[in-house]
Structure formats: structure tokens, C-alpha cells
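Listed here are the chains, written in short residue letters.
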Amino acid sequence: MSVMGIIFANDVAIGELTSKRTMASLPFGGRYRQVDFHLANLTAGGIRHLGIISRYNYQSLMNHVGSGEEWGLELGEGGLEYLTPYAMSSNANYRGKLENLHSALDFLQYGDDDYIVMSDSAILTNLDIPDVVAKHIASGKDVTVVTKAGVANGVKKLDLALKLGENGEVADIVVDYVAPSDYVASIDTFVVGRKWLVEQVKEYVAHNLYHLDRDLILGGWQNGTVSINTYAYEGVALFNESTAEYFANSMALLDKDTAYGIFRGHHDIYTKVRDRVPTYYGENCEVENSLVADGGMIDGKVEDSILFRQVTIGEDAEVEKCIIMNDTVVGEGAELKYVILDKNVTVRPGVKLCGDKEHPIIVKRGETV
Amino acid sequence: MYFQKKRAIAMLLAGGQGSRLKVLTEKTAKPAVPFGGKYRIIDFPLSNCVNSGIDTVGILTQYQPLELNEYIGNGQPWGLNKTHSCAQVLPPYERHDKKSGWYKGTANAIYQNIDFIERFDPDYVVILSGDHIYKMDYDAMIKYHEEHNASCTIAVRTVPLAEASRFGILNTNPDNSIYEFEEKPKVPKSTNASMGIYVFNWKVLHDALVADEEDPNSSNDFGKNIIPNLLNAGHKMMAYNFDGYWKDVGTIDSLWEANMELLGKDPEFQIRGKNKIYARNNAHPSSYIDTTAKISNSFVAEGCEIRGTVKHSIISVGCVIGKGAIVEDSVVMPGVVIEPGAIVRHAILGENSKVLSNAVVGGAFGPDDKKKISVTAKNAVVETVLLPGEMQS
């Protein structure tokens, strides 16, 4: 029994932060990119054959993942493959994941893997994939949808949510819907048989059906051609589907249990090695309740914040409830609250910026304020 | 791998026990001793090689090699795992002619690996040791060696006259050529101390090693035998001056000092910036600094949880410092746990060692300013107290 993986790099976009990068390469948690969590799930589960489907803006993703060496992968057929529009056979104008998969049929048909695990990079988990696959096989169903309870709340719109009956059987499926709290949310991770998926992709796309959640899962279930199993994921799941969620989930990492669950729950998370020195905390710095990566130089005050690698905080600067990405410099005496500084930003000395929880101020990559 | 002719390869002597590091090297070879929060001592010569364009490094191991072998692995962290590069661990082995066995000395270690060196047909062999902290461009030294048409070039630095008798001292002519080498002289004639970094023409070194092996009275050592013999034979030997930061970390005091010299706004040793030092990285998340933490003038590596006070210290990867704990003027190696309320001063805490709640390690230095560093071994546990200058196994 062998398993291959597929990661969808940019099915979701959250505005400014993903305007020049895929969702998969969005920095998260101080030293990671979204894709790291997906690569960790798949590779910790022993998967070495995997494809990353990306439609645009994939340069930063490829820079980050590279040959996949850090995750024990090898680039090339049967190993890690980038399924970019150029690498795929036809149809650069994708409307949905089934069309994406159709364009990647060569990849799906290569090798002799029995099962495929598909995941979308917007939702982060620390998932025991072999257990999901084992339960999928035992269920005898066509598709296993990994679900998370407690996400559906009658407020958040979900891509895919399911209502389960008393014996765990699927009682209802909804797509793009503000589901009430008795539904479980899909974490956009699915297990299917490889040959089965190839057949479905050919059939559905031939009939102008291209949406994975709506056409294959919901439609197939409704007309009785697709049988659905669910797997209840108990660990931490972070839905980064909007800037506000991204901000809130980043702040949630300051909670010990959330941080442990996502970083260490089932397995460790690897990322690209940068060989930065340890962070230097200056004589007069004050750092409280913050997550700090390596390579930094901190002389000012930092509270309730996430500092990525190689961040400089000048003397007397005050940073509160901020996300500060790689190589960014906050000048002396600057005051920032509810601000997301993208990579390589320069904040001039004395500058004051203040956003709010729902609408943090975003300073774009490379800008000077 | 495919063996391509190399202009220069490096041989790194990493087999020494480092007995002066006491409990820190009971189960670890000196080059594998952690340094600077996320490095090990061997990262410095290895990174220097890579930064100098030397892509083939033989690493001679003997004492407690397990951890070191594991650490070096296939050389990937230093980029030494490509088609034309390698980091090859060379432990002693048995040969048909019985000219093998434990490495008898530094020269014998190289002698026993002549076959390894010859596979690359190098013009030059750089001999390095695994117990110094520094950044150096070996390629500049090789160029100097070439320009002066020398058989051997030795890196030297000026040391205070009072300390000169602890080193191998090179006496030089005005053109920097060496006319005399004295190992730890009682009355030093100069202050040019050998740094234990040699560039040899391989042919010259090869013949010197073979001759040395045939001499039953030799102690098979570079400083004691090979260098004096080559001088006596009339070979041209040059001194190469190096005035950058360089520290022998062979003792508890010097290891502690070298770590402390990383700290400050303008540190004595610039580990940051140009000529990056590479290390094997583990999958540690960022460090969490709690509301109760107070950190100043310190290095904190990744994967830590800091809830106590940290002053003028090096906190390595994966350490936990509990609420109310105080860590001052100390080197805390990877994976150490300091429980709430514990106090650690002037100490080196070995990997994965533990200081239990409210225990006290070390203290202030005495009025005579004599350093008394307390040290814990790997996995040691301090339950109540470890006095200044004491060791905990």
C-alpha cells in the first residue's frame, strides 16, 4: 500500500498578503510558510511522492520549497513535482480543483500508488495522515473527508461542511455556506483511491463539472454515486481564510496549547534552513508574551507579537500585537499596534501606526514607511 | 562520488578527547561540544572551508565519535554533499599491512588516510583542528602559500609574551619565512604563536608522513615532528599572519569566555554577518517569551520557553527557563531545563541537563577575580546546589 500527496497552493487568497505569493508560501508562525505544515503532514506520514499544484505567483513557493531536501524529498518524477500551468497538459484557465487535477493527469497516472491525500494550503493542521489513510481503507468508502468540530458557528462561511447522524453517517452536506454549530467543517483534506480519482476527474470534467466540493463530494453524494467517510481530526486546526483570521490565528500561537498542538502535536514542522544566528536581546529590551524567531536584534519593547527571522527592533521602539516578517527593520522610537509588516519592510524612526484587531494595517513587502 | 582532481582539500583533526573540558567531553568529542546557542565547535572550521571554496573535507575522528558522526552525517548542512564535494568522516581502520590501528598522533592520523587524500590528487592539503572558534579565509592563506612558493605555510597570531610559552612559537626572518619552531618554549624568542592551521604541498607532506612513520622514535605529531623535520631539511616555510578573532576553546574558562564574547552591541566576535557559520538545524519552532520573562544582553536560540530572568547569557536551542528562575553570566547548552525559582550564575550547563526548582548553581566570582565556572555534564541533574567551580556528572 503506497500513498501520494497533492497540495493545492493557491485556491484561497486573502488580499494584500497573497497578492504576490501563493497561499502556500504565506509566512506563518514566525519561521514557517503555510506549505510547511502540509509538507510536514504528508512527509511525516511517509509520503515521498507529491505534487504541488499552483496556478500563479508560484516563484516564492518554489524558492522556499526548492528541491524539497529539508523535508526528505527529491525533485522529479516519483518525488516532488511542481504542477504549474506550464508543466501541465492543457487548460490554464482553471475554474476548480477537478480541472486542476485533470490538467495534472500525467502526474496522477505516474507510478503505482494506491491512494492520494489532497490538501489545501489555507488550513493548517498537525495531522496523523497514516491513521486517516488506514481509517479510509477500513471504511471501504470512496472519499474520506477530514473534519473538525467546533468550527461551524453560524458566522463563518465554510467551503464544505457536513452534518453527521447518530452513527457517524453523513446526514447532510453543504457547500459555501454559513453552517450552524451542529455541522462539522471540512479541513480541506481528502483521501481517495488513486485510480478511482483518475476515473472521476475524467468523467466529471468531460461533463463540465469542475468543483471538487460542490460537484464531486456534494453532487456525487446526493446522486448516490460517491460514498463519503469522515475522519474527525481532534488536534489544532487554523483556518487562515481571511486577513482577520490570519491575524487572530497568529496571536493564538501565543497560547501554549495552541502552539504545541500545531508545532508539535503529532510531528515536528520542518522549514527551509536559513542559518541565522540566535536572536540578540539588547541591554534595555523588554519582550513579553511573544514568539521570536532567530537572527533578530531586539532593543525596543515587544508585546503580544510574532517576530520572524532577522527582525530588528530599534531602541525605544514599541511593538504591540504585531506580526513582523523576515528581514524587517523597525526604527528607533517607532510605535506599532495591530500592524502586519511583510518581509523587508523598513519603518523609519518615530513612525506611529495603529490598526485594529479586525483590520490590522498591512505594510507591503519591501516598502518603507 | 566521482573523484575529481582538487586544488586543495582539508583534513580536520577531530579525534582529540579534550580532557580539559572535563565533564563536557566525558561522552562527547570536543569538536561536537555545543557553542553559541546553536552551533558546535566543528561548525567553525567546516563553515570556514565552505566559505573558502574548499569542498572536500576529511574529518579524522577517534574519541567518542558517535555524536560527531551523527552530527556531520552526509555533510548536507554545510553543502558538502554534492557530486563534487564531501565531508567524509575518517575513523581509524584496519589495513592489510598492519600499518593501521588507533591514530598514534596528529601526523599518524593523516598518514593512515593517505589513500583518501590521493583520490583527489590535491596540490595542497590544509590541516585544521576542531577546537577553535574563528572565521578565516583559507583560500587567502593558500594564495599566500602559492605566492611565496613555500612547502608549508603556518597561520600565526601574536600572543602576549607572558602567554607565549603555552604555544608553539615560530621564529621568523623579516620576510616572514620561518627559521625555527619551538613547541611551548620556556624562554620564547617571539610572540608568533602557531594556530595549528597548516597548508602543505601535498607531495612534500606525503613524503614527510612516510618518513615520520618509519622513525620509531617519533611521536607522530605535526608540532613535535613534521614541522621541525621539514625545517631541518631546508624546506621553505612561511608564517601567515592572522589578526582576526581566534579562540582556543580547549578549557572550561576559555569556552565560557568565547561564548560571552558573542554578546554586546559590538561583540568581540562577529558571528553575525559576513561568512555565515552553518550548523545542522533541528525542527524547533520560534522561542516563546512569556510575560514574566526579562531578557537582557543575551542570545536566545530557537525552540525555547523563557519565563524567568536571563542576563548576559547564551541560551541554546530547546531550553526551558521557568518562572522566577535567574540565569546570569552563563552558557546554557541545548535542551536544558531550569525549573522555576532556580538560580544559575557563572555556569556552563551541559546538553539536556536539568536544574531543579529552587536549586542554586554557581555564584559570583570571588574578589580575586579568579573565574570559578560551575559545570554540569550532559543529562546531569542539579537537585539542590552546585557550588562555584564544581562539576556535576
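Residues numbered from 1 in each chain as written. Chains lettered and ligands numbered in written order. Predicted model: local features only at pLDDT ≥ 70, side-chain atom pairs only at ≥ 80, totals over all residues. Heavy atoms only, no water.

1. Quick look at the overall build of chain A
What counts is decided by this rule: Here a strand is any run of E in DSSP of at least two residues, a helix any run of H or I of at least four, and the numbering for each starts at the N terminus. Accessibility here uses a 1.4 Å probe with only protein chains present; expressed as a share of the type maximum, an area under 20% marks a residue as buried, one over 50% as exposed, and anything in between as partly exposed. Per-residue and other accessible areas were derived by the Shrake-Rupley procedure at a 1.4 Å probe size, with only the shown protein chains allowed to occlude residues. Residues counted as positive are Lys and Arg, residues counted as negative are Asp and Glu, and His and the chain ends are not counted. Charged side chains are reduced to one point each, which is NZ for Lys, CZ for Arg, CG for Asp and CD for Glu.
Along chain A, the regular secondary structure elements total nine helices and 28 strands. In terms of principal-axis extent, the alpha carbons of chain A reach across some 65 × 45 × 35 Å. Residue burial in chain A is summarised as follows: out of 369 residues, 60% are buried. Accessible surface, chain A: about 14200 Å² in total, of which carbon and sulfur atoms supply 45%. A distance of 3 Å separates the average location of the 33 positive side-chain charges in chain A from that of its 53 negative side-chain charges.

2. Here's the deal with the packing of helix H6 (residues 194-206) of chain A against helix H7 (residues 212-222) of chain A
Residue and element names in this part refer to chain A. Counted only if it meets this: Here an axis means a line fitted to C-alpha atoms, over the contact stretch when the element is a helix, while the angle between two N-to-C directions is reported on a 0 to 180 degree scale. Just so you know how the angles are binned, under 35 degrees is roughly parallel, over 145 roughly antiparallel, 65 to 115 roughly perpendicular, and the rest oblique. Throughout, a residue-residue contact means that at least one pair of heavy atoms, one from each residue, lies within 4.5 Å.
It is at 11 Å that the axes of H6 and H7 come closest, and there the two elements cross at 95 degrees. The angle between the axes of H6 and H7 places the two elements in the roughly perpendicular class. When H6 is examined against H7, the residues Trp196, Gln200 and Tyr204 are found in contact with a partner set consisting of Asp215, Leu216 and Gly220.

3. Focus: the domain arrangement of chain A
Residues and elements named next belong to chain A. Selection rule: Annotation comment: domain bounds sourced from an automatic or database domain assignment. Buried area adds together the accessible area that both of two parts lose upon being put together, with accessible area traced by a 1.4 Å probe. We count a salt bridge whenever a side-chain nitrogen from Lys or Arg sits within 4 Å of a carboxyl oxygen from Asp or Glu. Counted as a polar contact is a pair of N or O atoms within 3.5 Å, where, for protein atoms, one must be capable of donating a hydrogen and the other of accepting one, and residues adjacent in sequence contribute only when both atoms are in side chains. Under this grouping Gly is polar, as are all residues other than the nonpolar Ala, Val, Leu, Ile, Met, Phe, Trp, Tyr, Cys and Pro and the charged Asp, Glu, Lys and Arg.
Annotation of chain A at the domain level lists domain 1 (3-145 + 187-263) and domain 2 (280-363). Computed from C-alpha atoms alone, the centre-to-centre distance between domain 1 and domain 2 is 32 Å. Across the boundary between the two partners, domain 1 contributes 19 residues, which contact 22 residues of domain 2. Looking only at domain 1, the three residues that lose the most surface to domain 2 are Gly30, Phe247 and Leu254, adding up to 35% of its buried area. Viewed at the interface, domain 2 and domain 1 are joined by one salt bridge. Among the ionic pairs, Arg21 bridges to Asp342, the shortest N-O distance being 2.7 Å. Counting across the domain 1 and domain 2 interface gives one residue pair in polar contact (both at pLDDT 80 or more). Every element with two or more residues in the side of domain 1 that touches domain 2 is listed here: strand S2 (27-28), strand S3 (32-33) and helix H8 (243-252). A total of six residues in the side of domain 1 that touches domain 2 trace back to one element, the largest contributor, which is H8. Looking at side-chain class alone, the side of domain 1 that touches domain 2 contains 11 nonpolar, four polar and four charged residues.

4. Points about the sheet that holds strand S17 (residues 305-306) of chain B
Strand pairing in a sheet takes place through backbone hydrogen bonds and is either antiparallel or parallel in direction. Going by this rule: We treat two strands as partners when DSSP finds at least two bridges between them.
If you walk across this open sheet you meet the 11 strands as S28(A)-S25(A)-S22(A)-S19(A)-S16(A)-S14(B)-S17(B)-S20(B)-S23(B)-S26(B)-S29(B), and the pairing is mixed. In the strand order of this sheet, the two ends are held by strand S28 (361-363) of chain A together with strand S29 (381-382) of chain B, each with one partner. Relative to strand S20 (residues 320-321) of chain B, S17(B) runs parallel, the two sharing two bridges. Across the sheet, residue Ile306(B) finds its bridge partner in S20(B), namely Ile321(B).

5. A closer look at a negative patch on the surface
Residues and elements named next belong to chain A. Which entries qualify depends on this criterion: For patch detection, residues must exceed 30% relative accessible area and be free of salt bridges, and they are connected within 9 Å for like charges or within 5 Å for nonpolar side chains (Val, Leu, Ile, Met, Phe, Trp, Tyr).
Together, Glu286, Glu315, Asp316, Glu318 and Glu332 line one region of the surface with negative charge. Counting through the fold element by element, Glu315 comes out in the loop between strand S20 (312-313) and strand S21 (318-320). Judged by its relative accessible area of 30%, Glu315 is partly exposed.

6. Here's the deal with the sheet that holds strand S15 (residues 286-288) of chain A
Residues and elements named next belong to chain A. Strand order in the open sheet formed by five strands is S15-S18-S21-S24-S27, and the pairing between neighbours is parallel. Edge strands, defined here as strands with exactly one partner in the open sheet, are S15 and strand S27 (352-354). Averaged over neighbouring strand pairs, the angle between their axes works out to 5 degrees when direction is ignored. In terms of strand pairing, strand S24 (residues 335-337) meets S27 through three bridges, oriented parallel. Along S27, the bridge assignment pairs Glu335 with Lys352.

7. Looking at the packing of helix H6 (residues 202-214) of chain B against helix H7 (residues 222-232) of chain B
All names here are of chain B. Under the convention used in this document: Here is the rule for handedness: rotate from the far helix to the near one, and if that takes an anticlockwise turn smaller than a right angle the crossing is left-handed, while a clockwise turn gives right-handed.
Remark: H6 packs on H7, axes separated minimally by 10 Å, with the N-to-C direction vectors making an angle of 120 degrees. The handedness of the crossing between H6 and H7 comes out as right-handed. Across from Val204, Leu205, Ala208, Leu209 and Asp212 in H6, the residues of H7 making contact are Phe222, Asn225, Ile226 and Leu230. Residues that form the contact of H6 with H7 fall into these classes: seven nonpolar, one polar and one charged.

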